[in-house]
Amino acid sequence: MLLPLIITVAISLLPGATAQFSDTFNFSACSIKALGGTYTTAQVNISNGIIEVSFPSEVRLKVVLSSAVNVTSETKNGNQGPGSAYHQSIPGLTGTSRCLSTLKVFDSSKTEIFQLHFRTFGEQGALQSVPKGNQLNVTVLFNGEEVDQVSGQGPRIFTDISGCQHDGKYYFSDTSGCDSEGGFVTCSAESDLTVLPQTNTECVRDVNVCTVTASNLVSFDANYSVSVEDRCAYTLFSEPNVRVVGVFKERRRKDVMFLDHVIVHLMDSDSIVQLGPADRVKVNDTELNLNSPVETHGGVEFRKNDTGVTAVMSYAVNYTTSVFFNGNTAQVFMTYVWVLADSDYEDDANRGGLCANSSVTLNEAKSSDFSSDSCEMRYNEPADPSINCTAVTEHCQILNGTDFTDCHADIDPEPYFSSCNRTLCHYPDVDGLKSDPLTFCQDTRCVDHEFCADGVNGGIGCFCRAIFASDQTLDVLPVCVENSASVTLVGCLLEERGVDYRQLHLNNDSCTGQVNESNHMVTFSFDSQDPCGVLVTANASHVLYENTLVNASGVPEPFQMDLSCFQTQPELMSMTFRMQANSVMQQMVSGSWNYTLNMTAYKDSAHRYMVQPNMAIQLNQSIFVEMMTEGLDGNLVSLVTNSCWATDGPSPDDGLRYDLISEGCSQSSRLVKVGINGQTTSSDFSFHMFHFVQSGNEIYLHCNVVLCPNQNGLCQPSCGGGSVPNKRRRRSARSAYVDENPALISMSWTI
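Note that the structure is a prediction, hence the values are computed from the model and not measured.

Trainee: How should I be thinking about the state of the cysteines in this particular structure?
Mentor: Disulfides are covalent bonds that connect the sulfur atoms of two cysteines. What the rule picks out here adds up to 13 disulfides. Sulfur-sulfur distance for the disulfide between cysteine 480 and cysteine 565 comes to 1.7 Å. The S-S bond linking cysteine 480 to cysteine 565 shows a torsion near -80°; that makes this disulfide left-handed. Here cysteine 565 lies in strand S43 (residues 560-568) and cysteine 480 lies in strand S36 (residues 479-481), a separation of 85 residues in the sequence. Overall, the relative accessible area of 34% leaves cysteine 480 in the partly exposed class. On the basis of relative accessibility, which here comes to 3%, the residue cysteine 565 falls in the buried class. The disulfide partner of cysteine 644 is cysteine 703, and the gap between their sulfur atoms is 2.1 Å. Between cysteine 644 and cysteine 703 the disulfide shows an S-S torsion of about 115°. By sign, it is right-handed. One end of the pair, cysteine 644, is in strand S49 (residues 637-647); the other, cysteine 703, is in strand S54 (residues 698-709), with 59 residues separating them in the sequence. Accessibility expressed as a relative area gives 0% for cysteine 703, which makes it buried.

Here you go:
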């Protein structure tokens, strides 16, 4: 950590060229003493006319010299004892210096324009600046604060850089003070450091702690406790520099609140620091990724370990406010160290909030700027029969036990006992409340309607808040749209059941759920492109799509949810039809084959009586369709009617659709019978005449036929022992179809 001593030297020179320079110089032959530190190396940088000399850890020296372009160093032996120019210029300097360390600065013409001489006198240090006749200003700073300032024109200017360092603070020679732990620090006239422990009566270190667990707050002096009964934000502690706000929410019960997260409002910079939920840390809505045990962001020091996160705000060496949060408990620390002889110790007059002032009411402490609109709504719930308040009281009495006896002289355990009793007598023994109080949901990200806690079956999880859960269930219906279906489950309800959504899948175990990271909802879906093992059945009026959501094999927690979607079959009605054409012919070319395809409608299964255009056909009357070809060699190829479907318009892809044949098999044993198919150069099927309700007068029948090379009977579709409606089928001829130009042929009829 850099606690910089900055010695700024400004010299008035004619404008010169800006140069860039960087080098490290070794002074191990003659170490340098500066403000209580001893250094054997120095890093020198020149940039934009500024020379910066940095010593490891604590010291930095800054020279404004626009014409500087280069620096060299040297060390040499030579005594300077009492009576020397150093001793005459710096009162209080004692002892003898045995060597000299020098930095020499040059301009672009290699002319020496400035020198810095460092000498060490025991524990004391001295700096001699030689500005070569130019006006010189030297400013000494430690850790960003000005320590000393001298100025002059030369030929030599001496600066006392003696003193002591302790606890991140610089002490002048012949001064004393208190460190952050209450120790009494003395820096002698010869820069010798002495630190007496806190027991010394010169210093007082006052540490006040306010604790918030669940909905209960115990004040700084532990004289009183407060219980929050709604889901609002409250000012826990305030002073001119900072305001600490606690935001409360429900968990498993609507009537018991828990501290959800803590907000620290820094007044000077108007910055917002948020601790929680869990281990989440934000500064002005930007989430931090704390990778180191100690990091500083926005003027706040953050300390993170396995127990929680602490934000430390330091306003002076002797005063800090810090906030600790572990996802369950918050502690606000107010630390102040002062010398008893001082008369300027600040009292509690400027401090407020529930932690500091017993006269502040909950209504006065409510923070509207961090509260939700409906936070004041309260709920009544019946008592939990699983809670044994007598046993809870015995558990909370541990605070009065011998393990805490040493604390009782300073802290009254009663407010803590009351807070423990209030929570555990109304909230079930879950979420790890009676286990290690440092249980911490590290790296677990829950959304607003969830909270992080110990799971019933062990491990950390995100569980549903009671108000949200009251309107949710896992017994949900899938969303069915045409030939697709999906079901969305609440992630935290699955967590309550001990079900890991990553282990769930549909009939096809590759069909797993997708999580929406913004709300932790899990969606499972299937459609015609990715059926996920769906089972399709049908009756006279509906098509039924069935799938099952199950846990992976080997998972101890069983889970099964049946998903069903119904789709209405195209409605049929009784009426008379007339074919617009009883036969359709189409010339086809496929590879080397040039053939004619005829589709003809007949009244009988023997295909002797064609349906004439003026012939009346009744609803549900059987129509026999034959596909005939000319120009094909039956020894080489067979004709396969792959699919047939009806639409209410001439386009095969638009409007209402009803499938008669799919993958060479009937889609309804009641309406469609498939005869010869994939065995010769012709095929046939029959269907019962039908009509679309609420459609036009015309019906169009479309069939897709393909040529299949004869290979051991593989061209004949396998329909599972007959035309079984709406079952998933394997078509053995699939791999044999090599038709480069499948034929689509259509005919129509009208009312």
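There is more to say, and it comes next.
Trainee: Would you take a moment to explain the nonpolar core for this structure?
Mentor: The tendency in soluble globular proteins is for nonpolar side chains to be buried as a group. The biggest cluster of nonpolar side chains holds 41 residues, and the ones touching the most others in it are Leu217, Val244, Val262, Val273, Leu275, Phe302 and Met313. By residue number, the principal contributor to this core is strand S25 (residues 257-266), which donates 5 residues. Grouped together as the second largest cluster of nonpolar side chains are 35 residues, Tyr595, Met599, Tyr658 and Leu660 included.

Trainee: Can you help me understand the packing of helix H3 (residues 389-396) against helix H5 (residues 414-424) in this one?
Mentor: A pair of packed helices is captured by two measures, namely the crossing angle of their axes and the spacing between those axes. At a closest axis distance of 9 Å, the pairing of H3 and H5 adopts a crossing angle of 150°. Between H3 and H5, the interaxial angle falls into the category roughly antiparallel. The way H3 lies across H5 gives a crossing that is right-handed. Contact residues: H3 offers Val392, Thr393, His395 and Cys396, while H5 offers Phe417, Cys420, Asn421 and Leu424. The residue makeup of the contact of H3 with H5, split by class, is 5 nonpolar, 3 polar and no charged.

Trainee: Explain the side chain of glutamate 250 here, please?
Mentor: Following the sequence through the fold, glutamate 250 ends up in strand S24 (residues 242-250). Salt bridges are absent for the buried glutamate 250, whose nearest opposite-charge side chain, arginine 231, sits at 4.3 Å. Polar side-chain contacts of glutamate 250 include one of 3.3 Å to the backbone nitrogen of isoleucine 467. Other than its neighbours up to four places away in sequence, glutamate 250 contacts Arg231, Val256, Met257, Arg465, Ala466, Ile467 and Phe468.

Trainee: What exactly am I supposed to notice about the pairing of S49 here?
Mentor: Consecutive side chains of a regular strand alternate in pointing toward one face of the sheet and then the other. The buried fraction of S49 is high, at 11 of 11 residues. Summarising the sheet, S49 and strand S50 (residues 657-662) pair through 4 bridges and their orientation is antiparallel. Each bridged residue has a counterpart across the sheet, and for alanine 646 the counterpart in S50 is tyrosine 658.

Trainee: Where do I start with the sheet that holds strand S39 (residues 514-516) in this structure?
Mentor: Hydrogen bonds along the backbone pair up the strands of a sheet, which may run parallel or antiparallel. Taken in spatial order, the 4 strands of this open sheet run S36-S37-S40-S39, and their pairing is antiparallel. Only two strands of the sheet have a single neighbouring strand rather than two, namely S36 and S39. Strand-to-strand, the axes of this sheet are offset by a mean angle of 25°, without reference to chain direction. As paired elements, S36 and strand S37 (residues 484-490) share 3 bridges and run antiparallel to each other. Bridge pairing links valine 479 to serine 486 in S37.

Trainee: Help me understand unusual backbone geometry, please; the structure alone is not making it clear to me.
Mentor: Leave glycine aside and you will find that most residues have negative phi; peptide bonds, for their part, are mostly trans. A cis amide bond links glycine 276 to the next residue, proline 277, at an omega of 0°. With respect to the helices and strands, proline 277 occurs in the loop between strand S26 (271-275) and strand S27 (281-283). With a phi close to 50°, leucine 35 is a non-glycine residue in the positive phi region. Along the chain, leucine 35 turns up in the loop between strand S3 (32-34) and strand S4 (37-39). Its identity as a non-glycine residue notwithstanding, cysteine 532 has a phi of 55°, on the positive side. With relative accessibility at 2%, the residue cysteine 532 sits in the buried group.

Trainee: Where do I start with the sheet that holds strand S8 (residues 70-80) in this structure?
Mentor: The strand order S8-S9-S10-S11-S14 describes an open sheet built from 5 strands, whose pairing is antiparallel. Whereas interior strands pair on both sides, the edge strands pair on one side only; in this sheet they are S8 and strand S14 (157-160). Each strand of the sheet is rotated relative to its neighbour by a mean of 20°, with strand direction disregarded.

Trainee: Hey, could you run me through the environment of threonine 40 in this one?
Mentor: The topology assignment puts threonine 40 in the loop between S4 and strand S5 (41-47). In sequence terms threonine 40 and serine 28 are 12 residues apart; their C-alpha atoms lie 4.6 Å from each other.

Trainee: What should I look at first to understand the confidence of the model for the protein in this one?
Mentor: If pLDDT is low for a region, its predicted coordinates should not be looked at in detail. Scored by pLDDT, the protein comes out at a mean of 83, with 85% of its residues at no less than 70. For the stretch residues 8-17, pLDDT sits under 50, and the model shows 37 contacts to residues farther than four places along the chain or on other chains. Note that pLDDT drops below 50 for residues 722-737; the model gives that stretch 49 contacts with residues more than four away or on any other chain.

Trainee: Whenever I open this one, H5 confuses me. Can you help?
Mentor: The α-helix winds at 3.6 residues per turn, so residues separated by three or four positions along the chain end up facing the same way. Of all 11 residues in H5, 8 are buried, a share of seventy percent or more. Regarding H5, the residues found buried are Pro415, Phe417, Ser418, Ser419, Cys420, Asn421, Thr423 and Leu424. Its buried side turned inward, H5 meets strand S21 (216-218), strand S22 (225-227), S25 and H3.

Trainee: Explain the pattern of salt bridges here, please?
Mentor: Once their charged atoms are close, side chains differing in charge can pair, the charge on each being opposite to the other. Considering all chains together, one arrives at 19 salt bridges under this definition. Between arginine 378 and glutamate 229 there is a salt bridge, with its nearest N and O atoms 2.7 Å apart. Note that arginine 378 is positioned in the loop between helix H2 (362-365) and H3 and glutamate 229 in the loop between S22 and strand S23 (233-238), a separation of 149 residues in sequence. For arginine 378, a relative accessible area of 53% corresponds to the exposed category. The class of glutamate 229 is partly exposed, set by a relative accessible area of 46%. When the shortest N-O distance is used, the salt bridge between aspartate 431 and arginine 252 registers 2.8 Å. Here the residue aspartate 431 occupies a position in the loop between H5 and strand S34 (450-454), and arginine 252 occupies one in the loop between S24 and S25, the gap between them amounting to 179 residues. Beyond isolated ion pairs, a larger network of salt bridges with shared partners links Asp279, Arg280, Glu287, Lys304 and Arg445.

How each quantity is defined
Residues numbered from 1 in each chain as written. Predicted model: local features only at pLDDT ≥ 70, side-chain atom pairs only at ≥ 80, totals over all residues. Heavy atoms only, no water. Disulfide = S-S within 2.5 Å. Helix = DSSP H or I, 4+ residues; strand = E, 2+ residues; numbered from the N terminus. Buried < 20%, exposed > 50% of the residue type's maximum accessible area, 1.4 Å probe, protein only. Core = buried A, V, L, I, M, F, W, Y, C linked by side-chain atoms within 4.5 Å. Axes fitted to C-alpha atoms, helices over the stretch in contact; angles between N-to-C directions. Parallel < 35°, antiparallel > 145°, perpendicular 65-115°, else oblique. Left-handed = near helix turned anticlockwise from the far one by under 90°. Contact = heavy atoms within 4.5 Å. Nonpolar A, V, L, I, M, F, W, Y, C, P; charged D, E, K, R; others polar. Lys, Arg positive; Asp, Glu negative; His and termini not counted. Salt bridge = Lys/Arg side-chain N within 4 Å of Asp/Glu carboxyl O. Polar contact = N/O pair within 3.5 Å; in protein donor to acceptor, adjacent residues only side chain to side chain. Pairing = 2+ DSSP bridges. pLDDT = per-residue confidence, 0-100.

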